[in-house]
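So you can see what is in the structure, the chains are spelled out below.
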Amino acid sequence: MASAEVCAAGKVENQMRTLKLAGHVGFDSLPDQLVNKSVQNGFVFNIMCIGETGLGKSTLMDTLFNTNFESSPSPHSLPNVKLKSNTYELQESNVKLKLTICDTVGYGDQINKDDSFKAVVDYIDAQFEAHLQEELKIKRSLSTYHDARIHACLYFICPTGHGLKSIDLVCMKKLDTKVNIIPIIAKADSVSKAELQKFKTKIIEELQANGVHIYQFPTDDESVAEVNTSMNAHVPFAVVGSTEFIRIGNKQIRARQYIWGSVQVENESHCDFVKLREMLIRTNMEDMREKTHTRHYELYRQKRLEQMGFTDVDSDNKPVSFQQTFEAKRSNHLAELQQKEDEMRQMFVVRVKEKEAELKDSEKDLHAKFDKLKKDHAEEKRKLEESRKKLEEEFVEFSRRKAQLTASHHTLTLGKSKKK
Ligand SMILES: Nc1nc2c(ncn2[C@@H]2O[C@H](COP(=O)(O)OP(=O)(O)OP(=O)(O)O)[C@@H](O)[C@H]2O)c(=O)[nH]1
Ligand SMILES: [Mg+2]
């Protein structure tokens, strides 16, 4: 039982005392209550399958869940990678599972594979973002909200026997902080037993050399520590999928049939399918759901909230509350707005002054032009006046000469007539 006491420093100090119960109280049923509630609500599990077109992704899903998800094959000619997701309701005994399978479409089909991982990263982030937005809502409905965050990412490795392709390393490196990656060797029936072990070792060495962190089956829970430790050593699982069955004795067995014989999917000496199913579905499904929330989503949430300007401690490493951060951000925002307003006002004044100066200049120009025109006009007028005067004078002179000439002509005519 816990009792809170206020100590000298003013802090509340918790002291735990262990008490014995006098009789049955009933809270020992808590685990059962939890189980009942979980079973009633059902479970959600989201798997992402990343792998080249035709590598057996859909067949493996059908094999894992022992059903037919009715998928259709993808073309090899897509210009970029896309993601296709489908959600199914499954039930086993009284346990309901809402399963989402998200498949890459067109992965590895482009000549330039530099951005192949981008669609995958964007999809994973989009699911985290949707969850974050739901969490940040005032009216949250997290219990009915469909959580589409990816819990397990099966990365299908091509059974070349020659290690990983660069697209595999680049993609897994981009994803290892966002999702639980389980690498698997697809169509493992096309690699011989001796080659397979070397192939597995090479893949693990390449992952380690490139610092790619794949999902480790947890070893901190005693009940599964042993099996998980031994299974961690078998990764990447070499798997075979099939939708065909063969009859052995009176049993129908999932297998792939060849001219030379058959590969039994659930036979552990033929492939690691059973190990994968055991680890993915039967032992560690809950751990993957939990790690997705507490590790990968937490990291995403932390980065996003920091991006938004939220922080837990200030520059002096003192704790800051959400309200303090909000108020600091608000006053920063208001100060920024005020600064912008001042800048705009100053800019306006400068622009008005510039415009005024421009107008004054053009007014001056106009005055100067007007004065010049006036001057030119006066000059023109003066010149015209002068020429008018000159013309008048010439006219007077002309009239005078004309009169003179007329007079002398008259005298001359008179003289001649007198001589006669
Ligand atoms: N040899 C071998 N063939 C397999 C295996 N799994 C699937 N196949 C075959 O590979 C072909 C493609 O299988 P799918 O399951 O459709 O492959 P996928 O990756 O879903 O293909 P897309 O969705 O089109 O990208 C089919 O003919 C399957 O029968 C396997 O483990 N071994
Ligand atoms: Mg498919």
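The structure under discussion appears in the preceding block.
Just so you know, these numbers come straight off a predicted model, no measurement behind them.

1. A short note on the side chain of Asp-272
Logical step 1: Within the secondary structure layout, Asp-272 lies in the loop between β11 (261–264) and α7 (273–283).
Logical step 2: On the basis of relative accessible area, Asp-272 is assigned to the buried category, the value being 9%.
Logical step 3: When near neighbours in sequence (up to four residues on either side) are disregarded, Asp-272 contacts Lys-200, His-234, Pro-236, Phe-237, Ala-238 and Val-239.

2. A closer look at the packing of aromatic side chains
How two aromatic rings sit relative to each other is set out by the distance from centre to centre and by the angle between their planes.
Logical step 1: In the structure shown here, the tally under the stated rule is 8 aromatic pairs.
Logical step 2: With a centroid separation of 6.2 Å and an interplanar angle of 85°, the aromatic rings of Tyr-107 and Tyr-155 are classed as edge-to-face. Separated by 48 residues along the polypeptide, Tyr-107 in the loop between β5 (95–105) and α3 (116–136) and Tyr-155 in strand β6 (residues 152–157) bring together distant segments of the chain. The exposure classification of Tyr-107 matches that of Tyr-155, with both residues buried.
Logical step 3: One aromatic cluster in this structure is built from Phe-65, Phe-69 and Tyr-88.
Logical step 4: The cationic tip of Arg-149 hangs over the ring face of Tyr-297; the distance from NZ or CZ to the ring centre is 4.8 Å.

3. Side note on the pattern of salt bridges
Logical step 1: Under the definition given, this model contains 26 salt bridges.
Logical step 2: For the salt bridge of Asp-125 with Lys-178, the shortest nitrogen-to-oxygen distance reads 2.9 Å. Taken as a pair, Asp-125 in helix α3 and Lys-178 in the loop between α4 (166–175) and β7 (181–185) lie far apart in primary sequence, 53 residues in all. Just as Asp-125 is buried, Lys-178 falls in that class too.
Logical step 3: Ionic contacts of the salt-bridge type, sharing partners, join the residues Lys-200, Glu-268, Asp-272 and Lys-275 into one network.

Rules behind the numbers
Residues numbered from 1 in each chain as written. Chains lettered and ligands numbered in written order. Predicted model: local features only at pLDDT ≥ 70, side-chain atom pairs only at ≥ 80, totals over all residues. Heavy atoms only, no water. Helix = DSSP H or I, 4+ residues; strand = E, 2+ residues; numbered from the N terminus. Buried < 20%, exposed > 50% of the residue type's maximum accessible area, 1.4 Å probe, protein only. Contact = heavy atoms within 4.5 Å. Phe/Tyr/Trp six-rings, centres within 6.5 Å; stacked < 30°, edge-to-face > 60°. Lys NZ or Arg CZ within 6 Å of the ring centre and 35° of its normal. Salt bridge = Lys/Arg side-chain N within 4 Å of Asp/Glu carboxyl O.

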